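The lines below spell out each chain.
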Amino acid sequence: MLPRGRPRAMGAAALLLLLLLFGFLLFGGDLGCERRKQGGRAGAPGCFPGPLMLRVPPDGRLRRAAALDGDPGAGPGDHNRSDCGPPPPRPSKCELLHVAIVCAGHNSSRDVITLVKSMLFYRKNPLHLHLVTDAVARNILEMLFHTWMVPAVHVSFYNAEELKSQVSWIPNKHYSGLYGLMKLVLPSALPAELAHVIVLDTDVTFASDISELWALFAHFSDTQAIGLVENQSDWYLGNLWKNHRPWPALGRGFNTGVILLRLDRLRQAGWEQMWRLTARRELLTLPATSLADQDIFNAVIKEHPGLVQPLPCVWNVQLSDHTLAERCYSAASDLKVIHWNSPKKLQVKNKHVEFFRNFYLTFLEYDGNLLRRELFGCPSQPPPGAEQLQQALAQLDEEDPCFEFRQQQLTVHRVHVTFLPHEPPPPRPHDVTLVAQLSMDRLQMLEALCRHWPGPMSLALYLTDAEAQQFLRFIEASPVLAARQDVAYHVVYREGPLYPVNQLRNVALAQALTPYVFLSDIDFLPAYSLYDYLRASIEQLGLGSQRKAALVVPAFETLHYRFSFPHSKVELLALLDVGALYTFRYHEWPRGHAPTDYARWREAQAPYRVQWAADYEPYVVVPRDCPRYDPRFVGFGWNKVAHIVELDAQEYELLVLPEAFTIHLPHAPSLDISRFRSSPTYRDCLQALKDEFHQDLSRHHGAAALKYLPALQQPQSPAQG
């Protein structure tokens, strides 16, 4: 989060979105209402396009159609006809709009974020999101919204596990499973005082301000309680294939990807009993639902047609396999909500699918940081911590040479934990998770790391929104990585000029689920046997509450991009003796690992204790509840050193393991290390951070912190991390 008044460069995704929106004008013709019989001008101001379908004839020109061809229900008063009338009143500028979404699992959580981005891009009103989630989705989305800190967005969570028993008796063949039935129970699950709510599937994308959809509540009669768009396929007509027998529906039926619910009226009408009785009756002759809640909604509406208010089709343009959606719009500017309601999602066949796909991908890769904008003229309760953050940012001096460092420390990064499907490891008392962080330029290390470390990993990745999608495709294209369900990837979205290395480490560390963690770096490959060896060592040494220790894994490096990785300590020593390997940073900064005492390690048969010394920065195995890394250290320098100082201050033993090793592979220097080497100001700012670190250390540990003062006053090395 940046201080007010400080301009930000427009990202490529933002520019692409603006170009795409401009392209709306080039996609098709006018969306004015059809001329009235008495002679009204098409497209006249104030003419509201009511529920309608639009025809795409063979000549490719887009024209209006009163109804879908062959619709048996088309006739006088049919809800597909154009209904030019006054536009519904918009909600007041600061009216809170309520949106409910059912979301379960890792993939669905990613879909929700894209949906929310599209809503936030166009919205002009405060939003309250009511999210019905499983434990996985709640863990992801709670962290994401907490760190996103979007003004005028409230989020409430509801436990889907508590609702399962209400729908688990319904056999459902739809890929959404039980969660695809939970919209049926929203009237009872949501707060009793909530009267209106928009219900959305996770696979919809907004192309307009959601307040326009909310305004359609004004079209409801006194008895209508459900607003829906007609289904844009022949599914409910029952003629798609031989013996196709859908659930009962009015005409083509309705699609439940976008729903307006008058919760108060549904409760008064006895909705729960209504849908249950209907479902039980239909299930006497039908084996299961095929389209989850949609089948039951349609069966209820067939029996109680007065409940439904048909909505304009542009509020749910459905891109299913047998879609007739292209009859709904004549120009891109018609579109309000795009619905990817096919299991094939972006791979579905559609005449204009490239346009829809590009529109969706633009929001998928759009920089979510740009959506942290206030609703001016509409006061709202700031997100938790936002006021304190703004006060701290306001106190920064932009003329301070270290302004970038100060600002980066205060930046709250959006965090998307478990970005990909992840299976938590089974509980084992001595298990170890490898913890590391990386950016886009280190992705190539992942496959080798997975081959060397068969145990669980928790990795934080510093990426833009667009890079996160590249990362997703990278994983999907790799059989090695796609097969590893015990690797948890956590995306921390990029913001600011300096690499927040310790914030990334803390994210990965906080998400580790095993009792112990191996704190490593992404450019190191551990010994093939290290995972099993560490677990055995933890058990043999009796680590735990009775003994507080950090197990040191000796670090080595090769200067060759290709070399034969040693399978044992004996092989490693042979490579060391012939100069194919070196102790880590031997040529540039031997102080960083000298206390490991490599000469002693060569002969050691048992773990041995070493003492802390200035600038020591080994790679260690510690309990998961160890001290966190100091987030003030951003960019390059002292980030690991400060952590080892804190471990020593908290009286952790440093025990070197005699058979353990990890090897650093060569790579191009990072931007931050290049800046450290070339900029005296950068080094001066790092020294200032070290001084502040010691002041805080003294406050926490008193006189014991004096032993670290000489180390803090020594000059920095270009190799020190």
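Placed above this text is the structure.
The present account deals with the structure reproduced in this document. (Residues numbered from 1 in each chain as written. Predicted model: local features only at pLDDT ≥ 70, side-chain atom pairs only at ≥ 80, totals over all residues. Heavy atoms only, no water.)

Focus on the sheet that holds strand S18 (residues 524–526)
No. 1: On the basis of which strands lie adjacent, the open sheet formed by four strands has the order S18-S25-S20-S21 and mixed pairing. The strands lining the two open edges of the sheet, one partner per strand, are S18 and strand S21 (582–583).
No. 2: The pairing of S18 with strand S25 (residues 662–664) spans three bridges and is antiparallel. Residue pairing across strands places phenylalanine 524 opposite histidine 664, the latter belonging to S25. (Pairing = 2+ DSSP bridges. Helix = DSSP H or I, 4+ residues; strand = E, 2+ residues; numbered from the N terminus.)

Here we look at the state of the cysteines
No. 1: According to the stated counting rule, one finds three disulfides in the structure shown.
No. 2: At a sulfur-sulfur separation of 2.1 Å, the disulfide partner of cysteine 313 is cysteine 328. A torsion of 105° about the S-S bond marks the disulfide between cysteine 313 and cysteine 328 as right-handed. Taken together, the positions of cysteine 313 in the loop between strand S10 (308–310) and strand S11 (317–318) and cysteine 328 in the loop between S11 and strand S12 (337–339) put the pair 15 residues apart, joining distant regions of the chain.
No. 3: Here cysteine 402 connects covalently by a disulfide to cysteine 685, the sulfurs 2.0 Å from one another. Disulfide cysteine 402 to cysteine 685: torsion about the S-S bond roughly -100°, handedness left-handed. With cysteine 402 in the loop between helix H11 (386–394) and helix H12 (403–410) and cysteine 685 in helix H22 (residues 680–701), this residue pair connects regions lying 283 residues apart in the sequence.
No. 4: Disulfide connectivity for the protein chain, with bonded cysteines indexed by sequence position, reads 1-4, 2-3, 5-6. (Disulfide = S-S within 2.5 Å.)

Overview of the nonpolar core
No. 1: By size, the foremost hydrophobic cluster in this structure holds 173 residues, and its most contacted members are Leu200, Leu446, Phe471, Tyr489 and Phe518.
No. 2: Take this core: its biggest share by element is eight residues, from helix H2 (residues 105–122).
No. 3: If you count residues domain by domain, this core takes at least three from each of domain 1 (97–371) and domain 2 (415–708).
No. 4: Of all hydrophobic cores here, the second largest spans 43 residues; its members include Val167, Leu186, Trp247 and Ala279. (Core = buried A, V, L, I, M, F, W, Y, C linked by side-chain atoms within 4.5 Å. Buried < 20%, exposed > 50% of the residue type's maximum accessible area, 1.4 Å probe, protein only. Domains from an automatic or database assignment.)

Some points on the environment of serine 342
No. 1: If you trace the backbone, serine 342 turns up in the loop between S12 and helix H10 (353–364).
No. 2: In this structure the C-alpha to C-alpha distance between serine 342 and leucine 319, which are 23 residues apart in sequence, comes to 6.7 Å.
No. 3: Residues within four places of serine 342 in sequence aside, it is in contact with Tyr175, Leu319, Ser320, Asp321 and Val348. (Contact = heavy atoms within 4.5 Å.)

Side note on the pattern of salt bridges
No. 1: Counted by the stated rule, this structure contains 37 salt bridges.
No. 2: Linking lysine 640 and aspartate 521 is a salt bridge whose minimum nitrogen-to-oxygen distance equals 3.6 Å. Here lysine 640, found in helix H20 (residues 639–649), pairs with aspartate 521, found in the loop between strand S17 (516–519) and S18; they are 119 residues apart in sequence, far enough to count as distant.
No. 3: Among the residues examined, aspartate 521 registers a relative accessible area of 9% and is labelled buried.
No. 4: A single salt-bridge network, built from bridges that share partners, covers Lys117, Asp367, Arg414 and Asp465. (Salt bridge = Lys/Arg side-chain N within 4 Å of Asp/Glu carboxyl O.)

Comments concerning unusual backbone geometry
Leaving glycine out, the prevailing phi sign among residues is negative, and the prevailing peptide bond configuration is trans.
No. 1: Even without glycine at this site, methionine 149 takes up a positive phi of about 55°.
No. 2: Residue position: methionine 149 is located in the loop between helix H3 (135–148) and strand S5 (153–159).
No. 3: Judged by its relative accessible area of 4%, methionine 149 falls in the buried class.
No. 4: With a phi close to 60°, alanine 152 is a non-glycine residue in the positive phi region.
No. 5: A relative accessible area of 2% places alanine 152 in the buried class.

A word on the sheet that holds strand S7 (residues 204–206)
Whenever strands of a sheet pair, they do so through backbone hydrogen bonds, lying parallel or antiparallel.
No. 1: Read from one edge to the other, the open sheet built from three strands follows the order S7-S12-S11, with strand pairing classed as mixed. Strands with a single pairing partner mark the edges of an open sheet, and in this sheet they are S7 and S11.
No. 2: With two bridges connecting them, S11 and S12 associate as parallel partners. The residue bridging valine 317 from the neighbouring strand is isoleucine 338, located in S12.
No. 3: The strands that H10 touches are S7, S11 and S12; relative to S7, the one it contacts most, it runs at about 80°. (Axes fitted to C-alpha atoms, helices over the stretch in contact; angles between N-to-C directions.)

So, the environment of arginine 373
No. 1: Within the secondary structure, arginine 373 sits in the loop between H10 and H11.
No. 2: Spatially, the C-alpha atoms of arginine 373 and alanine 152 are 9.3 Å apart, while their sequence positions differ by 221 residues.
No. 3: Apart from residues lying up to four places away in sequence, arginine 373 is in contact with Leu120, Phe121, Tyr122, Arg123 and Pro151.
No. 4: A polar side-chain atom of arginine 373 sits 2.6 Å from the main-chain carbonyl oxygen of phenylalanine 121. (Polar contact = N/O pair within 3.5 Å; in protein donor to acceptor, adjacent residues only side chain to side chain.)

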